[in-house]
Structure formats: C-alpha cells, structure tokens
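Residue-level listing of the chains:
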Amino acid sequence: MCKESITIIGVTASGKTALAVGVAAALNGEIISADSRQIYRRMDIGTGKDLSEYTSAGKNIPYHLIDICEPGYKYNLYEYRRDFENAYTDIIGRGKTPVICGGSGLYVETVLKGYAMPNVPENKELRSALSDKTLPELEKILSQYKTLHNTTDTDTCKRAIRAIEIAEYYKNCPAEQLEDKPLNTLLVGIKIDRERRRNNITTRLHARLKEGLVDEVKKLLDEGIPPENLIYYGLEYKYITEYIIGKTSYDETVRLLEIAIHQFAKRQMTWFRGMERRGFAIHWIDYEMPLEEKIAEILSLAKTDK
C-alpha cells in the first residue's frame, strides 16, 4: 500500500464509523477515533459511539482514543496530539494499518499535519478579560489569528476562550515550536447532499432520544458532575442538561438541539473545505454508494495514491 494509513472524515451522521470498520477489517487495521467527545466514558448515546458497529464478519475491530477519560475532565488538543501519536506508533509497530476516523476537524488536521504542540498553560488574566464576551465576539477575536492552532469547531464560549488562549500562547512563544511530522495518509471524505444530511441528523436525534439520551445525562449529573461541565461539551449534553435543570421545556430543547446539530454539520463541512484550501487532497466518496463499493474504492485509492 502506498499510504501508511487511511483517514476517513465526514459530517455528523454520514456513516463514517461503518466505513472505517469495513476498511480496517479489509486491511487488518485498527481505528483511531478523531472525535473530541467520544474520549469520555459513559457519554455513549450523545456522542454516537455506536460501539456495536466495531465488528466485521464476526471479528471485533480494535479502536483507540474512545473511553479514555472521565466525564467532567476538560481534555485538550495537546493531550489528543500526544495520545494519538502513541496509538499511531503502537499500531504501526505491530504491523497493522491505522484507520483514522472522525469529524472533529481541528483534531484531524492537527494530527495529519503532525503539528508539534507544547502543552499550553492556563492564562487566567486572558480568561478573565474574555469572560464577558459573547460567542460571536469570541469567534471574531479567534478569526484574527492566522495559524491552525487558533481555530476550533466549537459551539461554547469556554471552548472558544481556550482556543484564543492557545492562539495567544503560540503567538508569543514561537521558540517552543518543534518540527512538524506530517502523516503519510490517504484522506477520504464522505460527500453527502444537504437534504440527506438533514434527514439523517433528524432521524438520528430522535432515535437517540428514544435510546435514553436524557437518562444518560441525568446519570452523569447524579454522579456529581456539575451542569456547567456537561454544558461545556456542547450539543446534546448542553441542551439536555439545560432541560434537566429546568432552563427549557422538552419540546423546546429538542427543537433547539436539532437546529444546533444542523449548524454544527455545516461548520464541519466548512472546515473540511478549508482543509482543501490549505493544501489537503481529499478524495470525496458519494454517501449513496453501497458500503462495499466505498470500501473497494478506498482500497484501490490506497494502492495507487502517492
């Protein structure tokens, strides 16, 4: 195979997991998750882990960077970069093929470019100065920074503030930059049209609610995790927590959450298009193709792409 690894990206509800499992099974590979929330234990329904899908022809496909942290912990990009490198090196060292799969654009781009990232300490003074800013105001500040490390696919003020904090650190501490190590990977994107994407998101949201999404969040709160910590994780955990603590009604929660997920998917696609502008060659595969055909096309690309 010309490429050392395969990377599969796509917006939420585009079938990434099933495709990654099929490819990993065909290549005797293992999956590395590139999802910023699937790292948390017991946050299963809201993050869409779908762990039952990690099997092919009765064989379990190993996965990495899922269920590695306790809920409430604020895992960061530096930690992901470190943990990813450890998992990737381990898989390669055992003669297996890493299959990277996820929709967190910042995580994906950071590891594919192999960005060297020193740990960024908390800047209390900066956080205090930004604490009263709205999300649009924070996004405007964030947009003034030019390097990749300064932008994130986020929907909360806390995450935006952290991104600005990282950006400011890199701006003022360039001497700590180390040599980047880009991955030798085949990058595949799942192309899905807008209406199909919207239908999938709506269907999946209601399925997750029936599966017990509200109960999942209640159990996390009952463990003693502060509501603000779950709200920090965004989307399902933000809106369902606000419903549970009485901030919104159930119907309003579902309505607002569905809108937020649609908006998030649009931001994901914007990020992936931005990756192309930044020099990434993404091989787009039609969502509507049968799964076996998608797998076959990826395997063919992996043999010929240089």
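Residues numbered from 1 in each chain as written. Predicted model: local features only at pLDDT ≥ 70, side-chain atom pairs only at ≥ 80, totals over all residues. Heavy atoms only, no water.

Quick note on the threshold: UniProt positions are given in the numbering used here, feature names are shortened, and annotations may be inferred rather than shown by experiment.
An unreviewed UniProt entry annotates the protein chain as tRNA dimethylallyltransferase originating from Candidatus Caccoplasma merdipullorum. The heading Catalytic activity (unreviewed entry) in the UniProt record of the protein chain holds the text "adenosine(37) in tRNA + dimethylallyl diphosphate = N(6)-dimethylallyladenosine(37) in tRNA + diphosphate". Note on the protein chain: under the UniProt heading Cofactor (unreviewed entry), the record states "Mg(2+)".

## Thoughts on the overall build of the protein chain
We apply this condition: Secondary structure is summarised from DSSP: a helix means a run of H or I of at least four residues, a strand means a run of E of at least two, and numbering begins at the N terminus for each. Based on C-alpha atoms, the radius of gyration is set beside the globule rule, defined as 2.2 Å times the residue count to the power 0.38. Only protein chains enter the accessibility calculation, which uses a 1.4 Å probe; a residue is then buried when its area is under 20% of its type maximum, exposed when over 50%, and partly exposed in between. Residue contacts follow a heavy-atom distance rule, with two residues in contact if any of their heavy atoms lie within 4.5 Å. To be clear on the numbers: accessible area is Shrake-Rupley with a 1.4 Å probe, and residue cover counts the displayed protein chains and nothing else. As used throughout, the charge tally considers Lys and Arg to be positive and Asp and Glu to be negative, leaving His and the chain termini uncounted. In this description, the location of a charge corresponds to atom NZ of lysine, CZ of arginine, CG of aspartate or CD of glutamate.
Check the secondary structure of the protein chain and you find twelve helices and eight strands. Over its C-alpha trace the protein chain gives a radius of gyration of 19 Å, about what one expects of a compact globule, namely 19 Å for 306 residues. Its C-alpha atoms put the protein chain at 50 × 50 × 35 Å along the principal axes. Looking at the protein chain residue by residue over its 306 residues, the buried ones come to 53%. Sequence-distant contacts, at least 24 apart, represent 75% of the contacts inside the protein chain between residues at least 6 apart. Only carbon and sulfur atoms are counted for the fraction: they give 49% of the accessible area of the protein chain, which is about 14400 Å². The protein chain carries 44 positive and 45 negative side-chain charges, and their two centres are separated by 3 Å.

## Here we look at the packing of aromatic side chains
Keep this limit in mind: Stacked, tilted and edge-to-face are the three classes assigned to paired rings of Phe, Tyr and Trp, where Trp is represented by its six-membered ring and a pair needs centres within 6.5 Å; plane angles under 30 degrees give stacked, over 60 edge-to-face, the rest tilted.
Applying the stated rule across the entire model yields seven aromatic pairs. Seen from their ring centres, Y232 and Y233 are 5.8 Å apart, and the 70° between their planes marks the pair as edge-to-face. Y233 shares its class with Y232; the two are buried. For the pair Y243 and Y250, a centre-to-centre distance of 5.5 Å together with 70° between the ring planes defines the contact as edge-to-face.

## Digging into the UniProt feature "binding site: substrate" (unreviewed entry) in the protein chain
As a reminder of what qualifies: Polar contact is the term for a pair of N or O atoms within 3.5 Å; when the atoms are in protein, one must be able to donate a hydrogen and the other to accept it, and sequence-neighboring residues count only if both atoms are side-chain atoms.
The UniProt record marks T12, A13, S14, G15, K16 and T17 with the feature "binding site: substrate" (unreviewed entry), using the residue numbering of this structure. Leave out the neighbours within four places in its chain, and S14 touches I190, I192 and Y287. At 2.6 Å, the side chain of S14 and the backbone oxygen of V11 are in polar contact. Checked against the element boundaries, T17 lands in helix α1 (residues 16-26).

## A closer look at the confidence of the model for the protein chain
Condition: On a scale of 0 to 100, pLDDT captures the predictor's confidence in every residue.
Averaged over every residue, the pLDDT of the protein chain is 90; the share at 70 or more is 93%. In the predicted structure, residues 148-153 sits below a pLDDT of 50 and forms 29 contacts with residues beyond four places in sequence or in another chain.

## Considering the sheet that holds strand β7 (residues 185-191)
Heads up, the condition is: Should DSSP find at least two bridges between two strands, the strands are taken to pair. Throughout, an axis means a line fitted to C-alpha atoms (over the contacting stretch in the case of helices), and angles, computed between N-to-C directions, take values from 0 to 180 degrees.
Here six strands make up an open sheet; going across it, the order is β5-β2-β6-β1-β7-β8 and the pairing parallel. Each end of this open sheet is capped by a strand with a single partner; those strands are β5 (63-64) and β8 (283-286). Pairing of strand β1 (residues 5-9) with β7 involves five bridges; the strand directions are parallel. Within β7, the residue paired with I9 across the bridge is G189. Where α1 meets the sheet, it contacts β1, β2 (29-33), β6 (97-102) and β7, and its direction lies at approximately 175° from that of β6. On top of the sheet, helix α3 (residues 105-113) reaches β1, β6 and β7; it is set at about 160° to β1, its chief contact.

## Description of the UniProt feature "site: Interaction with substrate tRNA" (unreviewed entry) in the protein chain
When the UniProt feature table is mapped onto this chain numbering, "site: Interaction with substrate tRNA" (unreviewed entry) sits at S104 and R127. Considering the C-alpha atoms alone, the annotated residues occupy 24 residues of sequence and remain spread out, their largest mutual distance being 23.8 Å. Considering the arrangement of structural elements, one finds S104 in the loop between β6 and α3. By relative accessible area, S104 is classed as buried at 5%. Checked against the element boundaries, R127 lands in helix α4 (residues 124-130). Overall, the relative accessible area of 31% leaves R127 in the partly exposed class. Not counting the four nearest positions on each side in its chain, R127 is found in contact with E122, I161, R162 and E165.

## Brief notes about the nonpolar core
How we decide: What makes a nonpolar core is a set of buried Ala, Val, Leu, Ile, Met, Phe, Trp, Tyr and Cys residues whose side-chain atoms join them at distances within 4.5 Å.
Judged by nonpolar contacts, the single largest core of 61 residues is most densely connected at I32, Y80, F84, L112, L230 and M275. Contributions of two or more residues to this core are made by α2 (77-93), α3, α6 (157-172), α7 (194-211), α8 (213-222), α9 (227-232), α10 (235-244) and α11 (250-277). Looking at this core element by element, the count peaks at ten residues for α11. Excluding residues that lie within four positions of it along the chain, Y80 makes contacts with I32, S33, A34, L65, Y75, Y107 and V111. Counting residues in each nonpolar core, the second largest holds 22 residues, with I31, C101, I295 and A302 among its members.

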